[in-house]
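# Commentary on secondary and tertiary structure
Chain by chain, the residues run as shown.
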Amino acid sequence: MKIVSLILSIVVFIGAGFFLITDFRPSMEMNFLIYMSLLVILMLICIVGVLINYPILLQQRKNVKTIIYNSYSAKRISNKEFDHQFGMS
């Protein structure tokens, strides 16, 4: 769900940026100022959404490492405490 939110924030940010750039013109009309300010606010909300969900991209998958202890292997490194605890000495 967080990945969907991250992708949605990025897409909306790009869309709002596109409309901000294409519709920009030097004007002092009240409707135009409201429209531009709403686009800027939408872009700021998208930036916050990306910052909240960005750590998802940095997370690495947890790899489960399995240690197989074979007491019969000739190449094994002997651990005397382990061997004594499990009666292998």
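Just so it is clear, the model here is predicted, and its values are computed rather than measured.

### Focus on the overall build of the protein
- A count of helices and strands for the protein gives four helices and zero strands.
- Once local pairs closer than 6 in sequence are excluded, the contacts in the protein between residues at least 24 apart make up 45%.
- When the accessible surface of the protein is summed, it comes to about 8200 Å², and 68% of that surface belongs to carbon and sulfur atoms.

### A short note on a nonpolar patch on the surface
- On the surface, a cluster of nonpolar side chains totalling about 610 Å² of accessible area is made up of I10, F13, I14, V40, L44, I47 and L51.
- Taken together, the elements giving at least two residues each to the nonpolar patch come down to α1 (2-23) and α2 (30-53).
- Looking at which element gives the most residues to the nonpolar patch, the answer is α2, with four residues.
- Taking relative accessible area as the criterion, L44 reaches 49% and is therefore assigned partly exposed.

### A few points about the nonpolar core
- In terms of nonpolar packing, the biggest core is built from five residues, these being A16, F32, M36, L39 and M43.
- By residue number, the principal contributor to this core is α2, which donates four residues.

### Let's talk about the packing of aromatic side chains
- Overall, the coordinates contain one aromatic pair when judged by the stated rule.
- An angle of 70° between the planes, with centres 5.5 Å apart, marks the rings of F18 and F19 as edge-to-face.
- F19 sits in the partly exposed class, given a relative accessible area of 43%.

### A word on the packing of α1 against α2
- For the pair α1 and α2, interaxial distance at closest approach is 8 Å and the crossing angle is 150°. In terms of orientation, α1 and α2 fall into the roughly antiparallel class. In the crossing of α1 with α2, the sense of the turn from one axis to the other is left-handed. On α2, the residues touching K2, S5, L6, S9, I10, V12, F13, A16, G17, F19, L20 and D23 of α1 are F32, Y35, M36, L39, V40, L42, M43, C46, I47, G49, V50 and N53.
- Tallied by class, the residues present in the contact of α1 with α2 amount to 17 nonpolar, five polar and two charged.

### Quick word on the environment of V4
- Here V4 is to be found in helix α1.
- For the pair formed by V4 and N53, sequence separation is 49 residues and the distance between their alpha carbons is 9.7 Å.

### Re the side chain of S27
- Residue position: S27 is located in the loop between α1 and α2.
- Among the residues examined, S27 registers a relative accessible area of 17% and is labelled buried.
- Within the structure, S27 has its side chain in polar contact with the backbone nitrogen of E29 (distance 3.3 Å).
- When residues no more than four places from it in sequence are discounted, the contact partners of S27 are F32 and L33.

Thresholds applied
For every chain, the first residue of the written sequence is number 1, and numbering continues from 1 onward in sequence order. Per-residue local features are limited, in this predicted model, to residues with pLDDT of at least 70; the limit for side-chain atom pairs, both in listing and counting, is 80 or more; totals at the level of whole chains, interfaces and linings are taken over all residues. Hydrogen atoms and water are omitted, and side-chain values are computed over all heavy atoms in the structure. Secondary structure elements follow DSSP: runs of H or I of four or more residues count as helices, runs of E of two or more count as strands, with numbering from the N terminus. In this analysis, two residues are considered to be in contact whenever any of their non-hydrogen atoms come within 4.5 Å of each other. Only the protein chains shown count as cover for residues, and all accessible areas are computed by the Shrake-Rupley method using a 1.4 Å probe. Candidates for patches are residues over 30% relative accessible area with no salt bridge; among them, like charges are joined within 9 Å and nonpolar side chains (Val, Leu, Ile, Met, Phe, Trp, Tyr) within 5 Å. Criterion for a salt bridge: a side-chain nitrogen of Lys or Arg within 4 Å of a carboxyl oxygen of Asp or Glu. Summary of the burial criterion: residues with accessible area below 20% of their type's maximum are buried, those above 50% are exposed, and those between are partly exposed, where the area comes from a 1.4 Å probe applied to protein chains only. The nonpolar core is taken to be a set of buried Ala, Val, Leu, Ile, Met, Phe, Trp, Tyr and Cys residues, with the residues joined through side-chain atoms within 4.5 Å. Put simply, two rings from Phe, Tyr or Trp (the six-membered ring, in Trp's case) pair if the centres are within 6.5 Å, and we call them stacked under 30 degrees between planes, edge-to-face over 60, tilted for the rest. Simply put, an axis is a line fit to the C-alpha atoms, just over the touching stretch for a helix, and the angle between two N-to-C directions goes from 0 to 180 degrees. The cut-offs work like this: below 35 degrees is roughly parallel, past 145 is roughly antiparallel, 65 to 115 is roughly perpendicular, and the gaps in between are oblique. In this scheme the handedness of a crossing depends on how the near helix is turned from the far one: anticlockwise by less than a right angle means left-handed, clockwise means right-handed. Each residue gets one label: Ala, Val, Leu, Ile, Met, Phe, Trp, Tyr, Cys and Pro are nonpolar, Asp, Glu, Lys and Arg are charged, and the others, such as Gly, are polar. Any pair of nitrogen or oxygen atoms within 3.5 Å is treated as a polar contact; in protein, a donor-acceptor pairing is required on top of that, and neighbouring residues in sequence qualify only through side-chain atoms on both sides.

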